[in-house]
Amino acid sequence: MEKGLSGLRGRDFELSDVFYFSKKGLEAIVEDEVTQRFSSEELVSWNLLTRTNVNFQYISPRLTMVWVLGVIVRYCVLLPLRLTLAFIGISLFVIGTTLVGQLPRSSLKNLLSEVVHLTCCRICVRALSGTIHYHNRQYRPQKGGICVANHTSPIDVLILTTDGCYTMVGQVHGGLMGIIQRAMVKACPHVWFERSEMKDRHLVIKRLKEHIAHKKELPILIFPEGTCINNTSVMMFKKGSFEIGGTIHPVAIKYNPQFGDAFWNSSKYNMVSYLLRVMTSWAIVCDVWYMPPMTREEGEDAVQFANRVKSAIAVQGGLTELPWDGGLKRAKVKDTFKEEQQKNYSKMIVGNGSLESELD
Amino acid sequence: MGSRSSHAAKIPDVDSIRRETGFSQASLLRLYHRFRALDRTGKGYLSRLDLQQIEALAVNPLGDRIIDSFFPDGSLRLDFPGFVRVLAHFRPVDEEEDGNRDPKEPEPLNSRMNKLRFAFQLYDLDRDGKISRHEMLQVLRLMVGVQVTEEQLESIADRTVQEADEDGDGAVSFLEFTKSLEKMNIEQKMSIRILK
C-alpha cells in the first residue's frame, strides 16, 4: 500500500490518495481474484477443445482439419468406450456393495468392501481416461485420521479412492448419486447427512468425532473449502473440519489443464453435462501429493490451524493462496478485511502526522 | 459444446461504444465477458448488489463511493455501455492518439481532465462542484475507519483544504483541485490495463 500511495515514508494525507483506492477498486471490478477462480482456467496454448477456445481466433484451414479430426476421435471413439466403462463400473459397484452388505460385520466384510471399492473406482477412473501420479505414498492417510484436500470437482473423490478407502462425508442426494450413496453405506460405514442436519454444525462435528474415536475406522475425507474451485488457487478452509481433533493428513490435488478441464462450475453446468464434458476431453491427468500428517499445536486455534494446513497444500500443489471464502459467492464479506486496510492507511498518515506535530 | 463465442458482434452497439470510449475490440470483448460474469442472475444489467459482491471491492474503504460513480443520478440499473463508460476513464493514455486528436471532437474519456473529474466526484458527494470541509472529512473517515480520532482527522482535513483553497471560500473547487495536482502523474496513477 505504501508503494502505491507515493513511495515516500513520512508523508501526510494528500488529495491524490483517493487515486490509490479508486484504482484498486476499479481493478477489482475489471478482474478480481475470487470470481475468476470460479471459471475454468485459461490456457496459454490451445488444446484443440472448443470449450477452452476463449481468445484464440481462426488461424488456418489445416488447424480446423486437425480440430475436426479431434472432435471425431473424441465423440465417436472415446466417448462410447468411456460410457461403457462407466456403466460397467457403476453397476459392478452397486451390485458388489449390496452383496458385501449382506455379510455380517467382520474383517472379511471390510476386506471385501475394500476390494469392491478399489476395483470399481479404478474402472471408473479408466472410464475418464484418468492418469494419476501419486507422490509420497508413505504418507497415505491412516485409519482414524482425517484426510483433507483441495476441491476442484466431484472427481476428486474418485481420484483419491483409487488409492485407498475413505469414509465419505456429505449430503444425501437423490437420483443416481443417491443410489450409489445408499449402496456404499451398506458395505462400509460412510457418514451421510440430511440437508437439514448439515446446517447444524455441532451435530456434524459430534458425529465425526464419534467416528474417529474408534481409531479403527477408515480415514474421513473432507474438502474444507466447501465448494469447487478452479484448481489454480486454494481458498479459505472452513474451520469446522479442524475442530474435530485427531490427525490431519493433507493431500494436494493438481490437474493438468492441457488434457481436459476437470473444474465443475456448478452454476453453469449440471452434473450430467459436466460428466459429458469430462468424458469428451482428451484425458484427466493429475498429480496427487500425500503430505506428512499435521496436528493442532498448543495455543493454536482452529482458524490458525486451518490456515497452516491450507498453506502447506497450496505450496505442495503449486497453487496460489487466497484468504477469501469460496462460499462467499453467495454471502457477504467480513468487515475485518476492510478494517485492516483502513488500519494500514491510518498508520501512514497519522503515525507521521503526530510525529510532525511533536517536532513543531 | 458449451463454448464461449469470440465474436464481438454479440455486443450491442459495439461500434458506437468503441468510438465513445476508445477501447480496442479485444478489450471490449473482455469487458463484455466480465460484465456477463458479474451479472450472476443473467438479468442483462448490473445492480449495486452485483458490484458489492466483488470481495476485493467490498473491503475497499472507498468501495461504496466507487460503486456510486457507476450509478449516477440515482439510477438502479447499470447497462453495458454505462459500465464501459466509467471504466474508460481509467484507460491508459495513448501518447500517439493524443497527438492525432481532432481538437473539434469532444475530449476522450480518459483524458487527464476527465480522470481528475472522476476523482473529484468521489469527494464531491452533493455534486455542487466544490469539496467542502465536511465532504473532505467524510472521505477521510471512510479511508481510516475508526483508527483515527475526530480531532486528528479534522486537523488533517483543515490543512488539506487550506493548502488547496486559493479563493478562500473554505472549499476546494474543481479548478483548485486540478491546480494542486498539477505536478502529479495522474495518467499513470489512474490507469488500468484491461488486457494482460
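None of the values given here were measured: they were computed from a predicted structure.

1. Regarding the overall build of chain B
Now for step 1: Within chain B, the regular secondary structure consists of 12 helices and two strands.
Now for step 2: Going residue by residue from the N terminus, the α and β elements of chain B occur as α-α-α-α-α-α-α-α-β-α-α-β-α-α.
Now for step 3: Sequence separation of at least 24 residues holds for 53% of the intrachain contacts in chain B that already meet a minimum separation of 6.
Now for step 4: When the accessible surface of chain B is totalled, it reaches about 10200 Å², and 50% of it is carbon and sulfur.

2. Here's the deal with unusual backbone geometry
Residue and element names in this part refer to chain A.
Now for step 1: With a phi angle near 55 degrees, asparagine 136 is a residue other than glycine that sits in the positive phi range.
Now for step 2: We classify asparagine 136 as partly exposed; its relative accessible area is 30%.
Now for step 3: If you check the backbone angles, asparagine 231 has positive phi at about 70 degrees while not being a glycine.
Now for step 4: Along the chain, asparagine 231 turns up in the loop between β5 (220-222) and β6 (233-234).
Now for step 5: Among the residues examined, asparagine 231 registers a relative accessible area of 4% and is labelled buried.

3. Details of the UniProt feature "transmembrane region" (unreviewed entry) in chain A
Now for step 1: As recorded in UniProt, the feature "transmembrane region" (unreviewed entry) lies at residues 84-103 of chain A.
Now for step 2: Counting secondary structure, residues 84-103 of chain A comes out at 95% helix and 0% strand; the distance between its end C-alpha atoms is 29 Å.

4. With respect to the state of the cysteines
Residue and element names in this part refer to chain A.
Now for step 1: Tallied over the entire structure, the rule returns zero disulfides over all chains.
Now for step 2: No disulfide involves cysteine 120; its nearest neighbouring cysteine sulfur is the one of cysteine 124, lying 6.8 Å away.
Now for step 3: With relative accessibility at 5%, the residue cysteine 120 sits in the buried group.
Now for step 4: Cysteine 121 provides the cysteine sulfur closest to cysteine 124, a residue in no disulfide bond, and the two sulfurs are 6.3 Å apart.

5. Description of the confidence of the model for chain B
All names here are of chain B.
Now for step 1: Here chain B averages 80 in pLDDT, and 89% of its residues register 70 or above.
Now for step 2: Ranking the elements of chain B by mean pLDDT puts helix α7 (residues 95-99) last, at 60, and helix α6 (residues 80-88) first, at 88.
Now for step 3: A low-confidence stretch, residues 1-6 (pLDDT under 50), is modelled with 18 contacts involving residues beyond four sequence positions or located in other chains.
Now for step 4: Both scores are available for the predicted complex, with the pTM at 0.65 and the ipTM at 0.83.

6. Here we look at the UniProt feature "domain: EF-hand" (unreviewed entry) in chain B
Now for step 1: Residues annotated in UniProt with the feature "domain: EF-hand" (unreviewed entry) correspond here to residues 111-146 and 152-187 of chain B.
Now for step 2: The straight-line gap between the two end C-alpha atoms of residues 111-146 of chain B is 35 Å; of that span, 67% is helix and 8% is strand.

7. A few points about helix α2 (residues 25-38) of chain B
Now for step 1: An ideal rise of 1.5 Å per residue puts 20 Å on 14 residues; α2 of chain B measures up with 20 Å between its terminal C-alpha atoms.
Now for step 2: All of the buried residues in α2 of chain B are Ser27, Leu28, Leu29, Leu31, Tyr32, Arg34, Phe35 and Leu38 of chain B.
Now for step 3: The inward-facing, buried residues of α2 of chain B contact α2 (17-30) of chain A together with α1 (14-21), α3 (48-52) and α6 of chain B.

8. Thoughts on the sheet that holds strand β3 (residues 167-171) of chain A
Residue and element names in this part refer to chain A.
Now for step 1: Pairing is mixed in the open sheet, where seven strands are placed in the order β1-β8-β7-β2-β5-β3-β4. Strand pairing shows two members of the sheet lacking a second neighbour, β1 (130-135) and β4 (191-193), which therefore form its edges. The sheet shows a mean angle of 25 degrees between the axes of neighbouring strands, direction not considered.
Now for step 2: Alignment of β3 against β4, held across three bridges, turns out to be parallel. Bridge pairing in β4 links glycine 170 to tryptophan 192.

9. A look at helix α6 (residues 175-187) of chain A
Now for step 1: Those residues of α6 of chain A that fall on the buried side of the exposure criterion are Gly178, Ile180, Gln181, Ala183, Met184 and Ala187 of chain A.
Now for step 2: Elements in contact with the buried residues of α6 of chain A: α3 (61-102), α4 (107-127), β3 and β4 of chain A.

10. Structural notes on the pairing of β3 of chain A
Residues and elements named next belong to chain A.
Now for step 1: In this sheet, β5 lies alongside β3 in parallel orientation, the contact comprising two bridges. The residue of β5 that forms the bridge with threonine 167 is isoleucine 220.
Now for step 2: Taken together, β3, α6 and β4 form a β-α-β motif whose crossover is right-handed.

11. Looking at the pattern of salt bridges
Two side chains of opposite charge can pair, provided their charged atoms sit close to one another.
Now for step 1: According to the stated counting rule, one finds 18 salt bridges over all chains in the structure shown.
Now for step 2: Ionic pairing is found between arginine 308 of chain A and glutamate 297 of chain A, a salt bridge with its closest N-O pair at 3.6 Å. Of this pair, arginine 308 of chain A sits in helix α10 (residues 302-317) while glutamate 297 of chain A sits in the loop between β8 (284-290) and α10, and the two are 11 residues apart along the sequence.
Now for step 3: Overall, arginine 308 of chain A belongs to the partly exposed group, its relative accessible area being 26%.
Now for step 4: Linking arginine 141 of chain B and glutamate 150 of chain B is a salt bridge whose minimum nitrogen-to-oxygen distance equals 3.0 Å.

12. A look at the nonpolar core
Grouped burial of nonpolar side chains is what soluble globular proteins tend to show.
Now for step 1: Within the largest apolar cluster, 67 residues are counted, with the highest numbers of intra-cluster contacts made by Phe19 and Leu26 of chain A together with Leu51, Phe70, Phe80, Phe83 and Phe177 of chain B.
Now for step 2: With residues up to four places along the chain from it excluded, the contact list for leucine 26 of chain A reads Ile66, Phe70, Val86, Leu87, Phe90, Phe118 and Ile192 of chain B.
Now for step 3: Counting 38 residues, the second-largest nonpolar core is a separate cluster that includes Phe93, Cys120, Met168 and Val251 of chain A.

13. Some points on the side chain of aspartate 50 of chain B
Residue and element names in this part refer to chain B.
Now for step 1: Inspection of the secondary structure assignment puts aspartate 50 in helix α3.
Now for step 2: Within the local environment of aspartate 50, its side chain forms a polar contact with the backbone nitrogen of serine 47, the two atoms lying 3.1 Å apart.
Now for step 3: Excluding residues within four positions of it along the chain, aspartate 50 makes contact with Leu38, Asp39, Arg40, Lys43 and Tyr45.

The rules we used
Residues numbered from 1 in each chain as written. Chains lettered and ligands numbered in written order. Predicted model: local features only at pLDDT ≥ 70, side-chain atom pairs only at ≥ 80, totals over all residues. Heavy atoms only, no water. Helix = DSSP H or I, 4+ residues; strand = E, 2+ residues; numbered from the N terminus. Contact = heavy atoms within 4.5 Å. Areas by Shrake-Rupley, 256 points an atom, 1.4 Å probe, with all protein chains shown as cover. Buried < 20%, exposed > 50% of the residue type's maximum accessible area, 1.4 Å probe, protein only. UniProt positions renumbered as here; feature names shortened; annotations may be inferred. Disulfide = S-S within 2.5 Å. pLDDT = per-residue confidence, 0-100. Expected span 1.5 Å × (residues − 1). Pairing = 2+ DSSP bridges. Axes fitted to C-alpha atoms, helices over the stretch in contact; angles between N-to-C directions. Right-handed = clockwise from strand over helix to strand, strands pointing away. Salt bridge = Lys/Arg side-chain N within 4 Å of Asp/Glu carboxyl O. Core = buried A, V, L, I, M, F, W, Y, C linked by side-chain atoms within 4.5 Å. Polar contact = N/O pair within 3.5 Å; in protein donor to acceptor, adjacent residues only side chain to side chain.

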